[in-house]
Amino acid sequence: MKQKKISGSEALLKTLIEEGTECIFGYPGGQAIPIYDTLYDYRKKLRHVLVRHEQGATHAAQGYSRVTGKVGVALVTSGPGATNTVTGIADAMLDSTPIVVITGQVPSPLLGTDAFQEVDVIGITQPITKWAYQVRRAEDVPWAISRAFYIASTGRPGPVLIDISKDAQVGQVDYRYEKVNFIRSYQPWPDIQINKIEMAAELINGAKRPFALVGQGVILSGAEQELRDFLEKADIPAGSTMLGLSAMASDYRLNKGMLGMHGNIAPNRKTNECDVLIAIGMRFDDRVTGDLATYARQAKIVHLDIDASEMDKNVRADVKVLGNAKDTLREITQRLKPAKHTRWIDSFRADEKVESEKVIEKEIHPREGQIRMGEVVRKVSEATGNEAVLVTDVGQNQMMGVRYFKYTKTRSVVTSGGLGTEGFGLPAAIGAKIGVPDRTVCLFVGDGGLQMTLQELGTIMQENIDIKIILLNNNFLGMVRQWQELFYHERYSATEMANPDFTGIARAFRIGTRRVGIREELDDAIAEMLAYKGAFLLEVNVEKCGLVYPMVPAGGCITEMLY
């Protein structure tokens, strides 16, 4: 019996289902109406979350992907709908987040005519995607979507954009799903070179002061256990990049904290004291390295990464180990000799003591003055048993969030790393909660970042999404103000904000809310927020002139930290 022909739009939805899609974040429009019309019949198979802005769709897809490991999906229309996704796509590219963005497009006969809401979205997004492709025939839809999922999720993950013309959406096709799992010109899994594995193991076996730098590549490859086996066997202390933080539990004995500009003193300083530096799934970002001329000059460097383009890009490695971290770590660990580096690990304590006394205790246990951001973060973390998912926006709230929240599970940090996208937090938290509905999701956001995507409170209201929003309100663009104070002679240009009544806005969206301005009410307010059934906005008025310390000045040596 001959199979009934279906439309390109239905072929799209069927292929999404075959690829494991459960949720789409989207916003309809003229050139995507055929897809949305077909989606009406697939409501029981595909959940659609109606965001309030297309940028929100991409960030929600990112949040969903980051906590689940699955490919996030966004669906928007042409023209401004497509261009509004650019920020989220760029963010996903820099942070290696697998998302597929599907954009509607004008009918193919109108391409190139400057038709209403036509834009060259392929030309715009090619530099910020792993693959951007335009579909003009219905029969190409299943192939393009399956290929998109394969490219987005394999190798070093990242965003893919598929632009589908309106005639391809309504055209008829004999549907047949064939999963793409090989592309001749695309080699996502590099062959492991055993000689490089052996060279790495030899260097590590001979090390007296080894130190590991843990990046998000450990999480993306599912190598958390392999990392622990590696560290345990050779007794190697480790620091994490911001995106790699939850690869290790916060209280793990070999976890020495966060690297970088606002990282912990000890791991930054020990980077310039170790004799062998093992970088695992990280790209030596400038926020981690500081001045490259003074970075780890004394150390032999072993770099494990799946992306050959990252090798020697910023820091020259003595041994370059290409491959999936889950596989390469296992191979190296098999060749390691059991070791103990007790004296080296104990040497971290002096710097840890200095930071605890001069920074941490003052931030999380202040005795007087206004409420501090760090104490709010730590109290919320402890109230959740340190088991919640941390989502942050960008700025001081982000740095305080990642510094003082604690983690017991992997995939517990959702934040904008490479692009530093203010406004990321609220829609990303929506996606995260949909991805892991059984986990508590806590968003820390500043008054500036919240107003960038404030409209997504409407998505929360409509979808009844139970996220806990902690607004750290200092009436400033705090991180810019910090730089102005420290490096621009306190010339506070365009950083002070006149803010609306955030609690009144939250109530208008039927979201629970409370405002706190004194320390004595904070514990009770946090308990109320966590006990509340549904979304809750806790506005905390924090000190206006708070600073995030320690801090490595931009371009400075990572051992020269302000605190």
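This write-up is about the structure you can find in this document. Since we're looking at a predicted model, the values are computed, not measured.

A full pass over the atoms with the stated rule returns 38 salt bridges. Salt-bridge contacts for arginine 372 lead to glutamate 363; the nearest nitrogen and oxygen are separated by 3.7 Å. Across the pair glutamate 539 and arginine 515 runs a salt bridge whose closest N-O atoms are separated by 3.3 Å. Within this pair, whereas glutamate 539 is found in strand 20 (residues 536–541), its partner arginine 515 is found in strand 19 (residues 512–516), the two being separated by 24 residues in sequence. Judged by relative accessible area, glutamate 539 falls into the buried class, the value being 3%. For arginine 515, a relative accessible area of 39% puts it in the partly exposed group. Each of Arg156, Asp307, Glu310 and Lys313 takes part in a single network of salt bridges with overlapping partners.

Let us look at unusual backbone geometry. Omega for the bond connecting tyrosine 549 with proline 550 falls within 30 degrees of zero, at -5°, which places this linkage in the cis form. Turning to its location among the elements, proline 550 is positioned in the segment after strand 20. Positive phi, close to 55°, is recorded for aspartate 235, a residue that is not glycine. Mapped onto the fold, aspartate 235 is located in the loop between helix 11 (224–234) and strand 10 (238–240). Classification of aspartate 235 as buried rests on a relative accessible area of 2%. The phi torsion at alanine 296 lies on the positive side, around 50°, for a residue other than glycine.

Moving on, we come to a nonpolar patch on the surface. Taken together, the side chains of Phe487, Tyr488 and Leu562 define a hydrophobic patch exposed on the protein surface, amounting to about 270 Å² of accessible area. Within the element layout of this structure, leucine 562 appears in the segment after strand 20.

Calculation notes
- Residues numbered from 1 in each chain as written.
- Predicted model: local features only at pLDDT ≥ 70, side-chain atom pairs only at ≥ 80, totals over all residues.
- Heavy atoms only, no water.
- Salt bridge = Lys/Arg side-chain N within 4 Å of Asp/Glu carboxyl O.
- Helix = DSSP H or I, 4+ residues; strand = E, 2+ residues; numbered from the N terminus.
- Buried < 20%, exposed > 50% of the residue type's maximum accessible area, 1.4 Å probe, protein only.
- Patch = residues over 30% accessible without salt bridge, like charges linked within 9 Å, V, L, I, M, F, W, Y side chains within 5 Å.
- Areas by Shrake-Rupley, 256 points an atom, 1.4 Å probe, with all protein chains shown as cover.

Worth remembering: the numbers are spatial, not functional.
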